Structures are given as structure tokens and as C-alpha cells.
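Remarks on the overall topology
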Amino acid sequence: MAGTFITLEGIDGCGKTTQAKLLTEAFRRTGAEVVALREPGGTQISEKIRALLLDRANAEMCSECELLLYEASRAQLVREVIEPALARGAMVVCDRFYDSTYAYQHGGRGLDEALVNTCNQLGSCGLAPTCTVVFDLDPTTALLRATKGGADRLEAEGIAFQQRIRDAYLRLAAKEPARVEVVDGTGTPEEVYERLVAALADLIPAPLRSEA
Ligand code: TMP
């Protein structure tokens, strides 16, 4: 594929959505075609699946159903949006991708690691990110931030769940150091952005680097 595929990851409230916005705006100022996406979501079908997944009324949803819905949403996004964008040579910035499934459904829910990896292979249609940044933040601070306006179904699981997810992200980064970078998520959005740009130095055009 001609384009570049960057994914941003972390526990709920880690600040990655703000960083995705800053990064996307900076890339766009260079004249590059940037496709900004979030998971689950990004297509009509995937947004409907997102609503199902986050709805607190679906408290009885079992972990297997949850896993398959995330994968279903992802497969549609890959086929309908990400693959065509990368084929055009675009920069794709995705707020979460299959590492969220590893961290939440394996780390958080306790589903078998090999099973989750196999499902991720299907849901991603075999597509891997060029580079992944994990924003690392203490779960207490992050969850307070995430739930200011109310908690969705996943956020309602509480601190211990977020701690297991954080641990899974850190294990993943240790396992795949060539693809996954951990960035300290503490401080102001500008401070975190500066670290993000440094982490992506190899992929980022020089004019963009100097804006941090
Ligand atoms: P968001 O709030 O960052 O948009 O993500 C939605 C929620 O879904 C968030 O709590 C993380 C969770 N999630 C998973 O549990 N597994 C996944 O594969 C993805 C993409 C998200």
C-alpha cells in the first residue's frame, strides 16, 4: 500500500482523541490527504455497531459477542475506507485499531490471547498499522477525565479494568517495539503533542516537526 497508517491507542481518557485531532490538523496543513477515523466507527455500518457496543442498556453483552462486534465494525472500516485511502497514498490516522481489542478484550475481559489475535487478523483483513502510539497515563486520572460527562458501557467497568488494559498495552509495546511506541500522556495537550511528534519523527515531514 502506498499510504501511511498511524494508529493511536490507550486507556479511556488518556488524551489520544485530542492528539489525533492535533496530528490530523498538522498533517493537513502540509497539503497531504489525511483520513481521520475512529474505532469502532467510520462507516454507516460501523457507527451502528459502535452504538450497540457503548450503550449501557446492553449490560448483558457477553465478552465473545463484544469481541466479534468490534471485529465486524473493523472489517467494514478496513474494506470500505482504510484500504482505498492507503491505495490512494493517503495518510490514515485512526483513533484505536486492533491493539484496542488486544488490550480490552484480552487484557481487560480475559479472553484467550491467541483467540483474540486470530480474530484481529480477520477483523483487520490482514492489515497492520505502519506505526502505533500508546498514550500511557495513570488509570485514576484518565478515568476521571473520561467520565466527566458520564460513563459508557466500557468506562462503567471501573479502575481495575482500566489497569488491566494499561498493563496489556505495555506488554504489547514490549513485544512489538518496532511498531508500537509508548508516549507519556501526562501534562498539557501541547506537551504530549511534542512527545508524539518526536515518537513519529521518521514518518513526519520536517515542517510539521517544527510546529510542536
Ligand atoms: P473510544 O471511546 O475511544 O472511541 O472507544 C470506545 C470504547 O470501546 C473504549 O472504551 C475502548 C473500547 N474498545 C474495545 O473494547 N475494543 C476495541 O477493539 C476498540 C476499538 C475499542
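Use the structure listed above.
All figures in this text were calculated on a predicted structure; none of them were measured in a lab.

Near the ligand lie 13 residues; those nearest to it are Asp12, Tyr70, Arg96, Thr101 and Gln105. In the model, an oxygen atom of the ligand is placed 2.8 Å from a nitrogen or oxygen of the Asp12 side chain. Between the ligand and Gln105, the relevant distance is 2.8 Å, taken from a nitrogen atom to a side-chain nitrogen or oxygen of the residue. When the free accessible area of the ligand is taken as 480 Å², the share hidden by the protein chains comes to 94%. Of all the secondary-structure elements, those providing two or more residues to the shell around the ligand are α2 (44-54), α3 (63-88) and α4 (98-108).

This paragraph deals with the sheet that holds strand β3 (residues 91-95). Judged by pairing direction, the sheet is parallel, and its five strands sit side by side in the order β2-β3-β1-β4-β5 without closing on themselves. What marks the edges here is a single partner per strand, and that holds for β2 (34-38) and β5 (180-184). Direction aside, neighbouring strands of the sheet carry axes that sit 20° apart on average. Summarising the sheet, strand β1 (residues 4-9) and β3 pair through five bridges and their orientation is parallel. For Phe5, the partnering residue across the bridge sits in β3 and is Val92.

Going through the model one piece at a time under the given rule, you end up with three aromatic pairs. An aromatic cluster is built from Phe5, Phe97 and Tyr98, whose rings are joined through pairwise contacts. It is Arg74 that lies over the ring of Phe97; its NZ or CZ is 5.5 Å from the centre.

Glancing now at helix α6 (residues 139-146). Buried within α6 we find Pro139, Ala142 and Leu143. Along the axis of α6, the buried residues cluster in a sector spanning 95°; they form a single face. Turning to α6, the residues buried within the fold contact α7 (159-175).

Calculation rules
- Residues numbered from 1 in each chain as written.
- Predicted model: local features only at pLDDT ≥ 70, side-chain atom pairs only at ≥ 80, totals over all residues.
- Heavy atoms only, no water.
- Near = heavy atom within 4 Å.
- Polar contact = N/O pair within 3.5 Å; in protein donor to acceptor, adjacent residues only side chain to side chain.
- Areas by Shrake-Rupley, 256 points an atom, 1.4 Å probe, with all protein chains shown as cover.
- Helix = DSSP H or I, 4+ residues; strand = E, 2+ residues; numbered from the N terminus.
- Pairing = 2+ DSSP bridges.
- Axes fitted to C-alpha atoms, helices over the stretch in contact; angles between N-to-C directions.
- Phe/Tyr/Trp six-rings, centres within 6.5 Å; stacked < 30°, edge-to-face > 60°.
- Lys NZ or Arg CZ within 6 Å of the ring centre and 35° of its normal.
- Buried < 20%, exposed > 50% of the residue type's maximum accessible area, 1.4 Å probe, protein only.
- Arc of directions from axis to C-beta.
- Contact = heavy atoms within 4.5 Å.

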